Amino acid sequence: MNKLFKRNRKAYTVVELLVYIGIFSLLLAGVTAMFRYLGHFKASTQRLDVLHSLRLSSFKLSEELALSQEFLSPTGDEPDETVHQIVYFNNSFELIVVYIQKDKPQDETGRLVKLNWTEHLKKPDSKPQLEVLANGAIELNVTRPTRDYLEYEVKIKELRPDGQPEGKVFTLANGARLRSK
Amino acid sequence: MKNRPKSSVRSHSRKRGFSIAVGLAAGIVVLLAVTNLAFYSSHEIGIVKTMLNIKKADFAAFSGINVVNARLHENRWYQPKRIPNQLQKFKSSHVEKLEDYFKDDKTLGTTVFIDEIPHPKAQKGGAENTDGSIWVEVAPQKRQYRALLDHIRVLSLGTSGDEKSLYFGKFIMVPEPYLADDQSVGHHIESPLEGEDLIPIYPEPVWDNKEEEGFTNKERKGVVSVAIAPGQKVKMGQIIMVLKFYMADGAETTRREQVISPYSGTVKKVLVVPGQDTLMGQPVAFIEKDPGDLYSKKTLRKMVQITKIPLSIFENLDLNKREDRFKVYTHVSRMMLESVLNRVPMQSIRDEVTDKFKNLDEKSLTLNQATDLLNSVGKPQWGVDDIEKMFASLKAKSDQNLEPDIDVNSDYDRIYAQAGKSVISKLWSGFTPDGRLASSTLKKFPEMAKYKLGVQPSNIDEEMLDLLRLISQQHGIDYLKQLETEPQRHNELYNIASTTNPATKKGYWEEMGNKDKLNNGSDNVKDYIKNMSELKSGAKKAVVKLDQGTPWESAPFEQMVADGTANRDDYFWWERKQGWYKKIPKENVVIKDYDIPYGYDNESNPDDPFKMEVNQMMQYFRKHYTFGTTLPPAYDYWAENTITDTPQAPGPPDSTGAKYSGISS
């Protein structure tokens, strides 16, 4: 009986090896899957970050629009008309333009920016100051269903670390009603 | 058993160690993954919750403004109800947590902070009416001086969880209500005798003609004739009765006083009859003013300048302390100043900017495209080279509690005044009153307005006109021409149609705007409001003092001339009176101009016509953009002024001598 259990353990049997390889492969597969999931998770988190910054910018924009003095564009003459810029006088009667700015017209994406033109007019020698609301912006669609209510929709595309567009397209819609009237 | 090789024991233990290591590593990886997942999930949930709380706090704060606005339209609920002739204390500030509005969400709350700001010219006592205070009658023969409330400042703090949001609002009221009161409705301004629906009419004070007749009885006058009866309609300036004077010894004189009605309306009571005496200080009649008259009991009230205050401004302040609240007000006053100063230049490019973007199909723009587009619109003019310097200077002035539009020598003040005028004209052109007006009524409301002069056509009494003709010949001055008023020359000025667009300059706006320019334009807003709301020389009052002695009938006069006791050249014959009267010097004839205010009259809603003085409406528009003091008051309460006085009869005091007076309008 002892002889049966007497083994020289300097080597493994094929079966043991196969078992080890199998277990290791399972573990490796699991870990790999986990890392891949983490990678997806990271990508999702990045998307959420992008969406979050867009939501925050949209939140601030709608707040400013609600307290503005007057909407200039869209004019509201036709409730169904869609334009691609928001032009308004903010609470301090400064002229603000929100639009998608691209470095080159042929670029796939640009930045959703807010330009305070009145500030620039007061300091004509300096460059116009832009506030970037969102990167990777594709489209801005704005409608004005009533004289005191404005709706806008922003589409953005997720960007790679090198700044090139890649991945999913996000759309965020919001509205603002003039409170000062 | 003794010969069991050692290696089997070692390899057995190595296997066990390897498994643990692998298991440990896998466990750590799983733990990291789960932890990250949990972290990012909670982070994401946290972000969403924070944003939700910010939004909720925002709505809670804004709701607070709406609640206070609705309540103030009823009354100032935090003040005690005013009890006349009692000394009471009225709050200058009030803090209240709004309960019962968010019953289902205990994390949500709203606290409102209210500060009452008295009129900047309010006085606790004084001998004259000022812009900021007014005499009112509190008891027969007694008047009281009451200060007015300019506006109410409201801060509404909304909290949701750890987030908070603060909104500011300014509640304006025109006419202004009394400061020491619980009402937000404006005071009545048509009479120095406040609170009366019936206007008493008093005789004028007695004067002496000592040289000719000796001392006059100052306690009573006799009633010669009464031209009115209860229920009768009278016009402003109409003679309603004639009184006679007595000497101190009770003898009658030939001097007469014509009592005139100060307003158009209906006679309600006549307290004297011909042949009776009336005591000085007692009214002789009561009239009720016409409802269609210039002044109105409406009050314009609104919450304006609603602004969100950035967290950085108030997060380290204790809003329960008034001095901290006034730090927030300093921030708001600067914002309002900037808003007003930017308004005119930005409005000048408004239409062009709108047109440029209206026709733009581009979905995106480069920076150069955007700036070229905006540059093509043209440069708006602020009127100064260094705009930043102007802003800084006016902000500093505002911080020192100085009005930034009254120093006509300052370019900056003129620019601010110009901006203020722009705000007023814009608000005026689109004005509609609060209330449940149908949308069709709202649309046509601005076009339906009419502007009615505060006086309607009236002429001086025939007897006085006759006298003036005679005196004109003596003095070589055409007094009748001097009496001609602006509306008598241009009848259309009595009632002018409205305009809805100041830019087109039609109707009232054109008339008054041209007059403003003819008066060299008004540099400050106060003069602008006066020029736009009043008609210069809308009415004239002529006063002729015949204090040159007793008039003579023909026979005695001829005797006196024959005796040499009278010089014929010193007298003139008054055919109407059949008597010789001593000529009067030029200084005894005074013709005084009066600027008459216009009233705004709109009957778009026949069930509830809107009528108000134009001056008051313009003050209401002015309050939309001005801010007022940034200095906190030094007191927590104010009490009603207790100075009282015996009222004078309406009208200026007279000097000695018999007198004729009349109003031409």
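Everything numeric in this text was worked out from a predicted model, so none of it was measured.

Chemist: Explain the packing of helix α7 (residues 411–429) of chain B against helix α13 (residues 525–533) of chain B here, please?
Modeler: The axes of two packed helices give the description: the angle between them and the distance between them. Residue and element names in this part refer to chain B. α13 packs onto α7 with a crossing angle of 40 degrees between their chain directions and a minimal axis gap of 9 Å. Taken together, the axis directions place α7 and α13 in an arrangement best described as oblique. Of the residues in α13, those in contact with Ala417, Gly420, Lys421, Ile424, Ser425 and Trp428 of α7 are Val525, Tyr528, Ile529 and Met532. Looking at the contact of α7 with α13 residue by residue, the classes come out as seven nonpolar, two polar and one charged.

Chemist: Honestly, the nonpolar core in this entry has me stumped. Any pointers?
Modeler: Nonpolar side chains tend to gather and get buried jointly when the protein is soluble and globular. Residues Leu95 of chain A together with Met390, Trp428, Phe431, Tyr451, Tyr598 and Tyr600 of chain B are the most contacted members of the largest nonpolar core, which totals 71 residues. Among the elements that line this core, the one with the most residues is α7 of chain B, at eight residues. Aside from chain neighbours lying at most four places away, what touches tyrosine 451 of chain B is Trp428, Tyr494, Asn495, Ile496, Ala497, Ser498, Tyr508, Tyr598, Gly599, Tyr600 and Val614 of chain B. Judged by nonpolar contacts, the second largest core, of 25 residues, contains Ala134, Val154, Ala176 and Leu178 of chain A.

Chemist: What exactly am I supposed to notice about the pairing of strand β12 (residues 252–260) of chain B here?
Modeler: The side chains of a regular strand alternate between both faces of the sheet. Residues and elements named next belong to chain B. Side chains Thr253, Arg255, Glu257 and Val259 project from β12 onto a buried face, and the interleaved Glu252, Thr254, Arg256, Gln258 and Ile260 project onto a face without burial. Here strand β11 (residues 239–247) pairs with β12 via six bridges, running antiparallel. Counted as the bridge partner of isoleucine 239 is isoleucine 260 from β12. Here β11 hands over to β12 after four residues, with glycine 250 in that stretch at a positive phi of 100 degrees.

Chemist: What is the right way to read the sheet that holds strand β10 (residues 233–234) of chain B from this model?
Modeler: What holds strands together in a sheet is hydrogen bonding between their backbones, with the strands either parallel or antiparallel. Residues and elements named next belong to chain B. Read from one edge to the other, the open sheet built from four strands follows the order β8-β15-β13-β10, with strand pairing classed as antiparallel. Because the sheet does not close on itself, it has two edges, and the strands there are β8 (198–201) and β10. Bridge count for strand β13 (residues 265–270) against strand β15 (residues 285–289) is five bridges, and the pairing is antiparallel. Within β15, the position partnered with valine 267 by the bridge is isoleucine 287.

Chemist: Got a minute to help me understand the confidence of the model for chain B in this structure?
Modeler: Should pLDDT be low for a region, the predicted coordinates there are not to be read in detail. Residue and element names in this part refer to chain B. The pLDDT averaged across chain B works out to 79; a share of 79% of its residues lies at or above 70. Predicted confidence for residues 642–657 stays below pLDDT 50, and this span has 36 contacts to residues more than four positions away or in other chains. This prediction of the complex comes with two scores: 0.74 for pTM and 0.77 for ipTM.

Chemist: Whenever I open this one, the interface of chain A and chain B confuses me. Can you help?
Modeler: Many descriptions give the size of an interface as the accessible area lost when the pieces come together. Residue-level contacts link 55 residues of chain A with 58 residues of chain B. Buried area between chain A and chain B, both sides added, is near 5,300 Å², and the carbon and sulfur share of it is 66%. In terms of surface lost to chain B, no three residues of chain A exceed Phe93, Lys122 and Arg179 of chain A, which account for 13% of the buried area on that side. Across the contact surface, chain A and chain B share four salt bridges. Here glutamate 139 of chain A makes a salt bridge to lysine 363 of chain B, at a shortest N to O gap of 3.9 Å. At the junction of chain A with chain B, the criterion picks out eight residue pairs in polar contact (both at pLDDT 80 or more). Contributions of two or more residues to the side of chain A that touches chain B are made by α2 (14–66), β1 (70–73), β2 (86–89), β3 (95–101), α3 (117–122) and β5 (130–146) of chain A. Per-element tally for the side of chain A that touches chain B: the top contributor is α2 of chain A, with 15 residues. Residue classes in the side of chain A that touches chain B are distributed as 25 nonpolar, 14 polar and 16 charged.

Rules and cut-offs
Residues numbered from 1 in each chain as written. Chains lettered and ligands numbered in written order. Predicted model: local features only at pLDDT ≥ 70, side-chain atom pairs only at ≥ 80, totals over all residues. Heavy atoms only, no water. Axes fitted to C-alpha atoms, helices over the stretch in contact; angles between N-to-C directions. Helix = DSSP H or I, 4+ residues; strand = E, 2+ residues; numbered from the N terminus. Parallel < 35°, antiparallel > 145°, perpendicular 65-115°, else oblique. Contact = heavy atoms within 4.5 Å. Nonpolar A, V, L, I, M, F, W, Y, C, P; charged D, E, K, R; others polar. Core = buried A, V, L, I, M, F, W, Y, C linked by side-chain atoms within 4.5 Å. Buried < 20%, exposed > 50% of the residue type's maximum accessible area, 1.4 Å probe, protein only. Pairing = 2+ DSSP bridges. pLDDT = per-residue confidence, 0-100. Buried area = accessible area lost by both parts, 1.4 Å probe. Salt bridge = Lys/Arg side-chain N within 4 Å of Asp/Glu carboxyl O. Polar contact = N/O pair within 3.5 Å; in protein donor to acceptor, adjacent residues only side chain to side chain.

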